[in-house]
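Each chain is listed here by its residues.
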Amino acid sequence: MTLLFTVKTVCSVRFMSKNKEGFFRSIKRRDPAARNWFQILLLYPGVHAVINHRIAHFFYKIHLRFLAELISKCSRFWTGIEIHPAAQIGKNLFIDHGQGVVIGETSQIGDNCTIYQNATLGGTGKEHNKRHPTLKNNVIVGAGAKVLGNITIGNNVKIGANSVVLKDVPDDCTVVGVGRIIFPKNEVLSCDAEKCGNCENCCRLQ
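Cut-offs applied
Residues numbered from 1 in each chain as written. Predicted model: local features only at pLDDT ≥ 70, side-chain atom pairs only at ≥ 80, totals over all residues. Heavy atoms only, no water. Phe/Tyr/Trp six-rings, centres within 6.5 Å; stacked < 30°, edge-to-face > 60°. Buried < 20%, exposed > 50% of the residue type's maximum accessible area, 1.4 Å probe, protein only. Lys NZ or Arg CZ within 6 Å of the ring centre and 35° of its normal. Core = buried A, V, L, I, M, F, W, Y, C linked by side-chain atoms within 4.5 Å. Contact = heavy atoms within 4.5 Å. Helix = DSSP H or I, 4+ residues; strand = E, 2+ residues; numbered from the N terminus. Expected span 1.5 Å × (residues − 1). Arc of directions from axis to C-beta.

Draft legend 1. Spotlight on the packing of aromatic side chains. For the structure on display, the rule yields six aromatic pairs. With a centroid separation of 5.2 Å and 70° between ring planes, the pair formed by phenylalanine 23 and phenylalanine 24 is classed as edge-to-face. Seen from their ring centres, phenylalanine 77 and tryptophan 78 are 5.2 Å apart, and the 85° between their planes marks the pair as edge-to-face. Of the residues examined, phenylalanine 77 reaches a relative accessible area of 65% and is grouped as exposed. Lying over the aromatic face of tyrosine 60, arginine 65 brings its terminal NZ or CZ to 4.4 Å of the ring centre.

Draft legend 2. Main features of the nonpolar core. In this structure, Ile103, Ile115, Val141, Ile153 and Ile159 are the most contacted members of the largest nonpolar core, which totals 30 residues. Excluding residues within four positions of it along the chain, isoleucine 153 makes contact with Thr134, Leu135, Lys136, Val139, Val147, Ile159, Val165, Lys167 and Val169. Ile27, Leu41, Ile51 and Ile71 belong to the second-largest nonpolar core, a separate cluster that totals 17 residues.

Draft legend 3. The arrangement of helix α4 (residues 65–79) in detail. For α4, spanning 15 residues, the distance from its first C-alpha to its last is 21 Å, which sits close to the expected 21 Å at 1.5 Å a residue. The complete set of buried residues in α4 reads Ala68, Ile71, Ser72, Cys74, Ser75 and Thr79. Taken around the axis of α4, the buried residues stretch over an arc of 165°, which confines them to a single face. Residues Phe66 and Phe77 are exposed on α4 and point more than 90 degrees away from its buried face. After α4 finishes, the residue glycine 80 shows a positive phi value of roughly 75°.

Listed below in structure tokens is the structure:
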């Protein structure tokens, strides 16, 4: 545990020095309750989980996988957030509140994404190799949302609370309920979707 604490401290300082301005300012922009970077660093479990993941992912890449998984499990115990050490995470991921968040092994997350509590980036149990979602940049995943399978969520997509997503979602859309997509105004519906009949610019994935 002493070794783990030392490694975590060293890597945390390095992480802050490289990303302090972008990372902490991005959290302040997205969370009105955030007052300063010191509060964010000490009191935000989502920040702790991301820092721990950077360390675990480093060890995973150099094939020290038991150590990587040990760090990941310790992080889950302390933060309530489970991120597989193999998951690929871009810059400025903000996990808000965080309790119950699960990010699977082959998940890929782009830059400036936000994930709320109890959200899952998981698999369906029917796929092998790449079996978890890919989130592009500026994606928001609402509380309790389930994004499952080897699918791609486009740039600037918003996924509503408790939504279930099993198919690809184009850029700039909003997902609510079970697979219902609200397209940007005047957007032409994609060929793999059908109008739900309830409202304009809305469809259900087939």
